[in-house]
Amino acid sequence: MSNHEGQKPVRKEMSRRQFLSYTLGGTTAFMAGGVALPMIRFAVDPLLQKKEESAFIKVTEEAKITNDPVEYKFKIHQVDGWYESEAELVAWISKDANGNIFALSPVCKHLGCTIGWNTENSDQYVCPCHGAHYTRDGKNLSVAPNPLDEYEVKLDGGFIYLGPIKPNTRV
């Protein structure tokens, strides 16, 4: 016969110290969660916001556009997380041989410098940083690995509206 037969199981009770530790630990975790959750929500909320469709911005009159590229500056309202600002953008707008209006981004595809039109009297876009050259349509001729990007263009009521930048479809 074993010693354990007939004996009642011994019930282990929680000590006051254990009870106090569990109570204080739970209360501390609850309060820390109450402080941390709003901070996490603040950090993540802009990522969860629905992105608005990019709007077209009115830039200039259609009648002003010629076959030679002209630099036009325009402002857009942008929201970056919690920071709202007005950004000034630039586009080179001209007509192609068929009379279609197009707008090129001035950002060189080599290292991101700003290009200029006909700065070397060569009827080309030229990057002053590393000598990249582009045709009227934005095709890369030297140094840069890709053609210039272009803006989406919309004509409405005699005015030109520019939208988001897209890869060059002209070359």
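All of these numbers come straight from a predicted model, not from anything done at the bench.

S.K.: Explanation requested: the overall build of the protein chain in the structure shown.
M.R.: Secondary structure summary: the protein chain contains 1 helix and 10 strands in total. Element order for the protein chain, N to C, with α for helix and β for strand: α-β-β-β-β-β-β-β-β-β-β. The 171 residues of the protein chain split such that 25% are buried. Residue pairs in contact within the protein chain that sit at least 24 positions apart in sequence constitute 43% of those at least 6 positions apart. Roughly 12400 Å² of accessible area belongs to the protein chain as shown, and the carbon and sulfur atoms make up 54% of that amount.

S.K.: Sorry, what's going on with the nonpolar core here?
M.R.: The tendency in soluble globular proteins is for nonpolar side chains to be buried side by side. Among the nonpolar cores identified, the biggest contains 13 residues, and C108, I115, Y125, C127, A132, Y134 and L148 are the most heavily contacted of them. Formed by 11 residues, the second largest nonpolar core is a distinct cluster that contains I65, I101, A103 and Y151.

S.K.: I keep staring at the UniProt feature "domain: Rieske" (unreviewed entry) in the protein chain and nothing clicks. Help me out?
M.R.: Under the present numbering, the feature "domain: Rieske" (unreviewed entry) in UniProt falls on residues 93–162. Across residues 93–162 one finds 0% helix and 39% strand; the C-alpha atoms that close the span lie 10 Å apart.

S.K.: Mind showing me how you'd approach the domain arrangement of the protein chain here?
M.R.: Many descriptions give the size of an interface as the accessible area lost when the pieces come together. When its domains are assigned, the protein chain resolves into domain 1 (2–45) and domain 2 (57–166). Computed over C-alpha atoms, the centres of domain 1 and domain 2 are 63 Å apart.

S.K.: Explain unusual backbone geometry here, please?
M.R.: The bulk of non-glycine residues show a negative phi, and the bulk of peptide bonds are trans. Phi is positive for N121, close to 55°, though the residue is something other than glycine. Note on placement: N121 falls in the loop between β5 (116–117) and β6 (125–126). Non-glycine residue D123 carries a positive phi angle of around 50°. The class of D123 is partly exposed, set by a relative accessible area of 43%.

S.K.: Honestly, the sheet that holds strand β3 (residues 83–95) in this entry has me stumped. Any pointers?
M.R.: Sheets are built from strands paired through backbone hydrogen bonds, the pairs being either parallel or antiparallel. The sheet built from 6 strands is open, its strands ordered β1-β10-β9-β4-β3-β2 with antiparallel pairing. If you trace the sheet from one side to the other, it starts and ends with β1 (57–61) and β2 (70–80), each paired once. Neighbour-to-neighbour, the strand axes of this sheet turn through a mean angle of 40°, independent of strand direction. Looking at chain direction, β2 and β3 are connected through 11 bridges and run antiparallel. Of the residues in β3, the one forming a bridge with V79 is E84.

Cut-offs applied
Residues numbered from 1 in each chain as written. Predicted model: local features only at pLDDT ≥ 70, side-chain atom pairs only at ≥ 80, totals over all residues. Heavy atoms only, no water. Helix = DSSP H or I, 4+ residues; strand = E, 2+ residues; numbered from the N terminus. Buried < 20%, exposed > 50% of the residue type's maximum accessible area, 1.4 Å probe, protein only. Contact = heavy atoms within 4.5 Å. Areas by Shrake-Rupley, 256 points an atom, 1.4 Å probe, with all protein chains shown as cover. Core = buried A, V, L, I, M, F, W, Y, C linked by side-chain atoms within 4.5 Å. UniProt positions renumbered as here; feature names shortened; annotations may be inferred. Domains from an automatic or database assignment. Pairing = 2+ DSSP bridges. Axes fitted to C-alpha atoms, helices over the stretch in contact; angles between N-to-C directions.

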